[in-house]
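Descriptive structure summary
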2 protein chains.
Amino acid sequence: MPRARIEFWYEFGSTYSYPAAMRIGGLAAARDVAVVWRPFLLGPIFRAQGWADTPFNALPAKGRNMWRDVERICARDGLAFRKPDPFPQHTILAARMALALEDAARPDFTRAVYVAEFGEGRQIADRAVIADILTRLGHDAGARLAQAETPANKEALKAQTQRAIDIGVYGAPSLVCADGELFWGNDRLEQALDWALAPGLVRA
Amino acid sequence: MPRARIEFWYEFGSTYSYPAAMRIGGLAAARDVAVVWRPFLLGPIFRAQGWADTPFNALPAKGRNMWRDVERICARDGLAFRKPDPFPQHTILAARMALALEDAARPDFTRAVYVAEFGEGRQIADRAVIADILTRLGHDAGARLAQAETPANKEALKAQTQRAIDIGVYGAPSLVCADGELFWGNDRLEQALDWALAPGLVRA
């Protein structure tokens with residue numbers, strides 16, 4: 001039995017979800033916290049806010065600094081980094097596939113998609129790229145992709161995204177503790193994991 | 001001679017600028033980095049982006065989590081915290097006053113305004129509150145406020161805000177190193193100060 005559990009909400013198009021996905025496994029294991037991996041889609045949330053595009057494209061100064069910041073973070077963390085082209089990628093196939101996988105297979109698939117997208121510049125909207133990732137992980141790619149594209153799984157991803165909204169998620173990555181405490185951003189990973197173990201405001 | 005210098009760009013309405021303003025003095029002194037305090041206004045930048053209000057008001061889920069996040073940060077840092085009402089406060093008088101002060105007086109005035117606003121819930125748009133802060137710091141409040149409101153100082157604040165835009169600032173707090181490297185956010189204080197001393201991507 002782990003000492004606590006935390007939900008890790010991520011979107012495959014989210015730049016900061018890449019280092020977060022690569023870091024959370026080790027950080028959580030070191031604290032004996034179980035991670036529940038929750039892929040969802042930011043697109044519907046952004047559109048509901050009236051945004052036609054990610055703020056990183058809509059606001060050039062913000063976008064420029066985000067790319068530089070992610071480059072600095074990846075350099076620090078020892079992660080390869082290439083800006084995806086186009087950005088954002090269409091992420092619905094990858095999100096459906098991640099959701100359709102059993103819990104034990106989801107973390108490795110998720111990390112492999114992020115590395116392909118942000119480390120190698122591959123097109124994750126491309127079915128052949130997702131199939132290749134699945135094959136390399138030892139899955140039967142055709143069977144897995146068929147699972148991803150069942151009507152039930154498509155509905156499950158919609159429901160998962162709605163649940164994200166219902167619990168207050170508005171960006172990615174987000175961390176949600178068992179008591180409902182929400183943390184947003186790769187910057188908050190350690191703080192969220194610490195909260196999962198010992199909820200409550202730290203009084204200095 | 002300090003080993004390096006860094007520009008600290010802040011807006012008095014910015015929630016995360018509060019802990020940043022309280023932390024930067026000690027962190028910079030420990031590294032022998034000189035801080036150049038640069039008050040500016042975010043309002044014109046937001047309006048140029050087509051925003052009528054701060055995203056923390058326009059996007060309720062984002063706003064709720066920001067307030068909680070700032071509360072957590074202040075608890076950790078040992079800072080008093082009260083949500084200003086109204087939020088955001090009108091900050092033009094405080095910004096003009098901060099700019100008009102000589103460099104040596106600006107940090108203490110800045111910290112006192114943030115404590116009044118986010119620690120004590122005082123109305124920093126109120127001339128009497130600013131006068132009280134000045135008096136407590138040993139200034140001649142009437143004379144100082146007159147300096148803040150000269151046409152030349154009003155123009156200087158406009159020019160300072162334009163310079164912020166010109167160097168890529170789009171939010172607060174922002175840190176700008178001598179080589180132009182820009183960091184955004186209270187989260188990036190340590191990283192920015194380290195960059196000021198040793199510019200370049202850290203390769204893990």
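Above: the structure in question.
For the structure given in this document, a descriptive report is provided here. (Residues numbered from 1 in each chain as written. Chains lettered and ligands numbered in written order. Predicted model: local features only at pLDDT ≥ 70, side-chain atom pairs only at ≥ 80, totals over all residues. Heavy atoms only, no water.)

1. Examining the overall build of chain A
- Counting secondary structure elements, chain A contains ten helices and four strands.
- For 204 residues, the compact-globule estimate of 2.2 N^0.38 gives 17 Å, and the C-alpha radius of gyration of chain A, at 17 Å, lies within 12% of that figure.
- Within the span of chain A, comprising 204 residues, buried residues form 53% of the whole.
- Taking the intrachain contacts of chain A between residues at least 6 apart in sequence as the baseline, contacts between residues at least 24 apart amount to 72%.
- Working note: accessible area of chain A is about 8900 Å², and carbon and sulfur atoms make up 54% of it.
- One way to put it: in chain A the 25 positive side-chain charges average out to a point 2 Å from where the 24 negative ones average out. (Helix = DSSP H or I, 4+ residues; strand = E, 2+ residues; numbered from the N terminus. Rg over C-alpha atoms; globule rule 2.2 N^0.38 Å. Buried < 20%, exposed > 50% of the residue type's maximum accessible area, 1.4 Å probe, protein only. Contact = heavy atoms within 4.5 Å. Areas by Shrake-Rupley, 256 points an atom, 1.4 Å probe, with all protein chains shown as cover. Lys, Arg positive; Asp, Glu negative; His and termini not counted. Charge placed at Lys NZ, Arg CZ, Asp CG, Glu CD.)

2. Digging into the side chain of Arg23(B)
Residues and elements named next belong to chain B.
- Mapped onto the secondary structure, Arg 23 falls in helix α1 (residues 17-31).
- Residue classification places Arg 23 among the buried positions, given a relative accessible area of 17%.
- The residues touching Arg 23, leaving out its near neighbours within four places in the chain, are Asp 77, Asn 186, Leu 189 and Glu 190.

3. A look at the environment of Thr150(B)
- Relative to the helices and strands, Thr150(B) resides in the loop between α8 (141-148) and α9 (151-166).
- Distance in space between the C-alpha atoms of Thr150(B) and Arg96(B) is 9.4 Å, their sequence separation being 54 residues.

4. Some points on the interface of chain A and chain B
- The interface of chain A with chain B comprises 30 residues on the first partner and 30 residues on the second.
- Together, the buried faces of chain A and chain B total about 2600 Å²; carbon and sulfur atoms form 50% of this surface.
- Looking only at chain A, the three residues that lose the most surface to chain B are Arg72(A), Tyr170(A) and Arg188(A), adding up to 21% of its buried area.
- One salt bridge connects Asp69(A) with Arg188(B), and the closest N-O pair in it is separated by 2.7 Å.
- Where chain A touches chain B, the interface holds 14 residue pairs in polar contact (both at pLDDT 80 or more).
- Every element with two or more residues in the side of chain A that touches chain B is listed here: α4 (60-77), β4 (182-184) and α10 (189-197) of chain A.
- Ranked by residues supplied to the side of chain A that touches chain B, first place goes to α4(A) with eleven residues. (Buried area = accessible area lost by both parts, 1.4 Å probe. Salt bridge = Lys/Arg side-chain N within 4 Å of Asp/Glu carboxyl O. Polar contact = N/O pair within 3.5 Å; in protein donor to acceptor, adjacent residues only side chain to side chain.)

5. So, the sheet that holds strand β1 (residues 4-10) of chain B
Residue and element names in this part refer to chain B.
- Pairing in this open sheet of four strands is mixed, and the strands run β2-β1-β3-β4 from one edge to the other. Only two strands of the sheet have a single partner each, and these edge strands are β2 (33-39) and β4 (182-184). With direction set aside, neighbouring strand axes in the sheet form an average angle of 20 degrees.
- Across four bridges, β1 lies against strand β3 (residues 174-177) in antiparallel orientation. In the sheet register, Phe 8 faces β3, and the bridge partner there is Leu 175. (Pairing = 2+ DSSP bridges. Axes fitted to C-alpha atoms, helices over the stretch in contact; angles between N-to-C directions.)

It is worth stressing that arrangement in space is one thing and function is another; only the former is reported here.
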